[in-house]
Amino acid sequence: MSAGPTEAVVDLRAFRANLDHIRRVIAPARLMVVLKADAYGHGRLRMARAAVAAGITDLGALDLDTALALRAGGIGEQVRLLAWLYPPEEDFAAAAEARVDLGVSSVEEVRRIAAAAGSVASRLHLKIDTGLNRNGARAEDWPALVRAALEAQAAGSVEVHGVWTHIAEASEEDDTIALQRFEHAVREAEALGARFAVRHLAASSAGLRRADVRFEMVRMGGHCWGIPSFDGVTPREIGLEPVLTLRSEVSAIRTGADGGPRAVVPAGYAQGVPVVAAGRVSVSVRGRRRPVLEVHRDRIEIGLDGADGGDVRRGDPVVLFGTGDSGEQTVREWGDAIGTLGDEIVTRIPARVPRRYVD
Ligand SMILES: *Cc1c(COP(=O)(O)O)cnc(C)c1O
């Protein structure tokens with residue numbers, strides 16, 4: 001069965017341009033490219049290789065399986081890989097073996113990692129919760145975590161390398177409070193004898209906006225793909241280019257129940273178009289925006305107005321979302337129109353939609 005005409009085109013040149021722009025803005029802090037969720041649907045191994053070829057030395061994997069898959073795919077040990085979310089029965093010996101850095105949030109995790117240590121000590125990044133309540137040690141548990149990590153380091157089974165947190169990036173005030181909690185936790189750990197080679201707190205939004213949250217490293221996903229995480233801006237306004245374009249073509253012209261002409265495009269919710277996009281977003285055909293009227297499993301129907309409906313033909317290329325260069329909306333605009341994040345839309349384009357990499 002043919003995959004059909006719907007494809008996600010991933011522009012590696014745009015990706016590199018984003019990395020260059022972000023690195024210029026955040027210097028001297030370095031950039032960790034976060035590749036979770038299959039690099040937000042862009043393809044983790046291809047994006048990892050492109051990032052490394054562009055000089056990136058830190059990749060964020062979220063889970064150990066992703067980190068191990070990247071190592072197996074040829075991402076060598078000169079590139080630091082960080083994992084931080086573990087199932088209960090995680091095999092930490094495999095992490096040490098593959099030289100994957102580990103985020104740790106609890107004494108229990110430190111003990112399991114130390115117990116699994118072989119000839120190489122795992123590099124740890126101690127994580128403090130600064131208000132997000134999404135992993136990270138709570139303030140009252142922090143000294144015990146630091147002590148456990150230092151003890152394991154003294155025994156030679158781990159190396160305390162980094163300290164970090166994750167922040168909401170929803171308001172300046174909340175981020176400032178999180179920053180203060182982070183700095184407090186770092187001082188507390190240092191008073192207990194910890195020395196950190198790297199401190200990291202910010203992701204896309206705060207990392208691009210605020211110098212005071214960057215420390216030695218910023219972890220970014222969204223902005224690397226050219227998807228703004230601030231409200232009300234286009235990618236270009238913040239120096240970024242969308243990397244992924246979702247394309248298809250007109251498969252039929254028909255008359256809708258309302259008597260108006262419609263184009264049928266074989267990209268529906270099974271290809272990642274959100275059902276709630278109906279009536280809210282547009283796509284570009286022949287350089288003009290046309291409204292998406294209906295979203296079905298394997299197709300959308302778009303409205304053609306009487307004036308030019310007759311020009312649109314079967315086989316005409318359709319850009320669902322992309323850079324905006326062909327008149328289409330960006331995925332950020334789609335997200336705004338349907339009340340979600342652009343990141344979520346690209347992340348949910350299923351594997352059955354082929355990715356085509358262009359350079
Ligand atoms: C997903 C994630 C990031 C990247 O977030 P963006 O907003 O996409 O830049 C950074 N840090 C952690 C811990 C994450 O889970």
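Our subject is the structure listed above.
Remember, it's a predicted structure, so these values are computed and weren't measured experimentally.

A. Representation of the side chain of Arg 210. Mapping Arg 210 onto the fold places it in the loop between helix H9 (204-209) and strand E9 (217-220). Of the residues examined, Arg 210 reaches a relative accessible area of 11% and is grouped as buried. Here the side chain of Arg 210 touches Glu 172 through a polar contact of 3.0 Å, side chain to side chain. A polar contact of 3.0 Å, which involves the side chain of Arg 210, links it to the side chain of Thr 176. Excluding residues that lie within four positions of it along the chain, Arg 210 makes contacts with Glu 172, Asp 175, Thr 176 and Leu 179.

B. Broad picture of the site of the ligand. Around the ligand lies a shell of 13 residues, among which Lys 36, Tyr 40, Ser 204, Gly 221 and Gly 222 are the nearest. Take Arg 219: an N or O atom from its side chain is 2.9 Å from a nitrogen atom of the ligand. The fraction of the free accessible surface of the ligand (380 Å²) that becomes covered by protein chains is 91%. Looking at the shell around the ligand, the elements that each hand over two or more residues are helix H2 (36-40) and E9. Here the residues of the shell around the ligand are counted per class, giving six nonpolar, four polar and three charged.

C. Looking closely at unusual backbone geometry. The residue after Ala 27, namely Pro 28, is reached through a cis peptide bond having omega 10 degrees. Position of Pro 28 relative to the elements: it lies in the loop between helix H1 (12-26) and strand E2 (30-34). With a phi close to 55 degrees, Asp 38 is a non-glycine residue in the positive phi region. One can find Asp 38 in helix H2. Taking the relative accessible area as the measure of exposure, Asp 38 reaches 38% and is therefore partly exposed. For Leu 62, which is not glycine, the phi torsion reads 70 degrees and is therefore positive. Relative to the helices and strands, Leu 62 resides in strand E3 (residues 58-63).

D. Spotlight on helix H7 (residues 142-154). For H7, spanning 13 residues, the distance from its first C-alpha to its last is 18 Å, which sits close to the expected 18 Å at 1.5 Å a residue. The set of residues buried in H7 consists of Trp 142, Pro 143, Leu 145, Val 146, Ala 148, Ala 149, Leu 150 and Ala 152. Residue Gly 156 follows H7 closely and has a positive phi angle near 85 degrees.

E. Structural view of the pattern of salt bridges. On inspection of all chains with the given rule, the structure shows 26 salt bridges. As a salt-bridge pair, Arg 209 and Glu 172 come within 3.0 Å of each other at their nearest N and O atoms. With a gap of 37 residues between them, Arg 209 in helix H9 and Glu 172 in helix H8 (residues 172-191) connect regions that are remote in the sequence. The salt bridge partner of Asp 305 is Arg 288, with a shortest N-O separation of 3.1 Å. Of this pair, Asp 305 sits in the loop between strand E15 (300-303) and helix H10 (306-309) while Arg 288 is found in strand E14 (residues 288-295), placing the two residues 17 residues apart along the sequence. Judged by relative accessible area, which is 36%, Asp 305 ranks as partly exposed.

The rules we used
Residues numbered from 1 in each chain as written. Predicted model: local features only at pLDDT ≥ 70, side-chain atom pairs only at ≥ 80, totals over all residues. Heavy atoms only, no water. Helix = DSSP H or I, 4+ residues; strand = E, 2+ residues; numbered from the N terminus. Buried < 20%, exposed > 50% of the residue type's maximum accessible area, 1.4 Å probe, protein only. Polar contact = N/O pair within 3.5 Å; in protein donor to acceptor, adjacent residues only side chain to side chain. Contact = heavy atoms within 4.5 Å. Near = heavy atom within 4 Å. Areas by Shrake-Rupley, 256 points an atom, 1.4 Å probe, with all protein chains shown as cover. Nonpolar A, V, L, I, M, F, W, Y, C, P; charged D, E, K, R; others polar. Expected span 1.5 Å × (residues − 1). Salt bridge = Lys/Arg side-chain N within 4 Å of Asp/Glu carboxyl O.

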